[in-house]
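Understanding the architecture of this molecule
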Amino acid sequence: MRDGTGLGAILGATLSVMMALPVAASDLLLIGGTVHTGKGTAEAILIRDARIAFVGPAAQARLAASNARIVDLHHAAAFPGFVDAHGHLTGIGMRELTLALEGTASIKDLQSRLAAYAKAHPEGPIIGSGWIETHWPEKRFPNRADLDAVIADRPVWLKRADGHAGIANSAALALAGIDRNTADPDGGRIEHDAAGLPSGMVIDHALGLIDTRLPPPTPAMRRAALQRAMALYAARGWTGIHNMSVTADDIAVLTELAGQGKVPIRIDNFMTPEDSERVLSDGPWSDPSGMVRIRGVKLYADGALGSRGAALLQPYSDAPGNGLVLTSSEHYATIFAAALKAHAQIAVHAIGDRGNRLVLDAFQKAFGSAGGAALRWRIEHAQILDAADLPRFAEMGVIASMQPSHAVDDFYFAPARLGAARLTGAYAWKSLLATGAVVAGGTDAPVEKGDPRIEFYAAVYRHDLGGFAGPDWHLEQAVSRDQALRMFTAAPAYAVFRDNDLGTLEVGHIADISVFSADLMTVPPKEIPGARTVLTIVGGRIVYQEKR
Ligand SMILES: [Zn+2]
């Protein structure tokens, strides 16, 4: 019939395209691997019109499928979509675009990375992040002289991995107007050397002295950062993120990208207090596609443990002082009242036992006699808890949003900072779960890498990636595989009011699915971080597929 030329060939080609792409969306059938539904296991899963149409035996799934595109999992394991319940999307993308100092092995290594970056980027200030000195052979913080020795004529500003401290060279200090007479801002500290000059190290609220003097990222850079971060997250197997401390500018970019179909994963946003006006007056809202949702406000109660900014009930065990309180109870009361009226969610960063108690007390006051269970307010990190406060999360319905890899990183210095007694309430995932609290798992990327496998490994094994755990790491707080799976699937769904259609793979739920090459529920812990992302499906659409 076809003559290979002319109209017949064109018609034939058109017909075959039409047959390959029927007008009605075809089913997607996943078979050939284990499906962990969050409630059990199954052989196959059938997706129709973005939702799950069938979960069960493969033979039955084939019968139910019409026009199905079949995806053979080749013994990989499918899970409900993994969601990072605490990350910073712009920061994740900016880390990819600026000087990345993760894994820096020493001050010498920091210097050589800085020199290489400066050579490749010959103009303007140099901004970097991700260094952490706890393993360094020099056994000290870097200082401005270390940086000046490499770059003296351009500002250099390098943030510690926890984001609560930074090191500046002399040009950056001069740009910020910081000299020996500059007073510490409230909730911040400028470190000095023996001669009384600024050492280059600044902590917590003092970071703003330098941040605000550096040229902010251009809109084009922010857009590039967000796109880079979303693609990276889809490739790691995340189907969503709870995006923390978000600006109105970021929301403008994200909603624009969503309108163009360029948002591959679900983004639930908690705004900075400065940009929370809309959500605190109108309540939560979403872009038309539903991919970018604005849930509420993110606040800070205290700093971080590493830089001794976490607010403790008793002084630090290895230095005077008991940390920094960053938000007053009056400020909480004003924002909480507005949030209650608008049905906006509140998320508060609290690390130290005093920081956590202050937030729990402020929540309790805001909830009043009505209680807070319906509100799903959250404490971000909930790292160090006094024994008296641990049961309050479950009692008050407060979500503990915790990052397993933080424990593994922090246990190198947490025993020194806290002493043995306080460690029993530190990174106490299992104890919190035992009280009935909802524990949502996250990464705090770019503080941590932002990888679901690394977090799952840390949650179930509580060892570092080299397989090491110290005698005081409280391994009894490692959670079961089922608990870890819930921390990254059902709990994040609950924490943003999506448990009615996300978080487990069951008929009627939206098809958000993460597929990894190894079965995280059964392989030895050491094999978890090395599992590859095979497939990431969001709303029934494949947003990442491993190339074979
Ligand atoms: Zn964070």
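Worth saying up front: this structure is predicted, and the values here are computed from it rather than measured.

Moving on, we come to the pairing of strand β19 (residues 345–350). Of all six residues in β19, six are buried; the element is thus mostly enclosed. In this structure, strand β18 (residues 292–300) lies alongside β19, joined through five bridges in parallel fashion. Residue pairing for β19: tyrosine 300 is matched across the bridge by histidine 349. Handedness of the β18-helix α11 (residues 329–342)-β19 crossover: right-handed. Pairing geometry for β19 and strand β20 (residues 378–381), over four bridges, is parallel. When the bridges of β20 are listed, valine 348 appears paired with isoleucine 379. Handedness of the crossover joining β19 and β20 through helix α12 (residues 353–367) is recorded here as right-handed.

With that out of the way, let us pick up helix α18 (residues 481–488). When you tally the buried positions in α18, you get six out of eight residues, the bulk of the element. Among the residues of α18, those classed as buried are Arg481, Gln483, Ala484, Leu485, Met487 and Phe488.

Next up on the list: the coordination of the zinc ion. Surrounding the zinc ion are the protein donor atoms His86 (NE2), His88 (NE2) and Asp444 (OD), at 2.1 to 2.2 Å. For the zinc ion, the donor residues sit on a single chain with the sequence spacing H-x1-H-x355-D. With histidine 88 in the loop between β8 (82–87) and α3 (89–97) and aspartate 444 in the loop between β22 (439–441) and α17 (452–461), the pair connects residues that are 356 residues apart, well separated along the chain. Note on histidine 88: relative accessible area 17%, which makes it buried.

Between helix α8 (residues 219–236) and helix α9 (residues 248–259), the shortest axis-to-axis distance is 10 Å and the interhelical angle comes to 60°. By the angle between their directions, the pair α8 and α9 is classed as oblique. For the crossing formed where α8 meets α9, the hand is right-handed. Touching Arg222, Arg223, Leu226, Gln227 and Met230 of α8 are Asp249, Asp250, Val253, Leu254, Glu256 and Leu257, all from α9.

Cut-off values and rules
Residues numbered from 1 in each chain as written. Predicted model: local features only at pLDDT ≥ 70, side-chain atom pairs only at ≥ 80, totals over all residues. Heavy atoms only, no water. Buried < 20%, exposed > 50% of the residue type's maximum accessible area, 1.4 Å probe, protein only. Helix = DSSP H or I, 4+ residues; strand = E, 2+ residues; numbered from the N terminus. Pairing = 2+ DSSP bridges. Right-handed = clockwise from strand over helix to strand, strands pointing away. Donors = N, O, S within 2.8 Å, 3.2 Å for Na, K, Ca; no water. Axes fitted to C-alpha atoms, helices over the stretch in contact; angles between N-to-C directions. Parallel < 35°, antiparallel > 145°, perpendicular 65-115°, else oblique. Left-handed = near helix turned anticlockwise from the far one by under 90°. Contact = heavy atoms within 4.5 Å.

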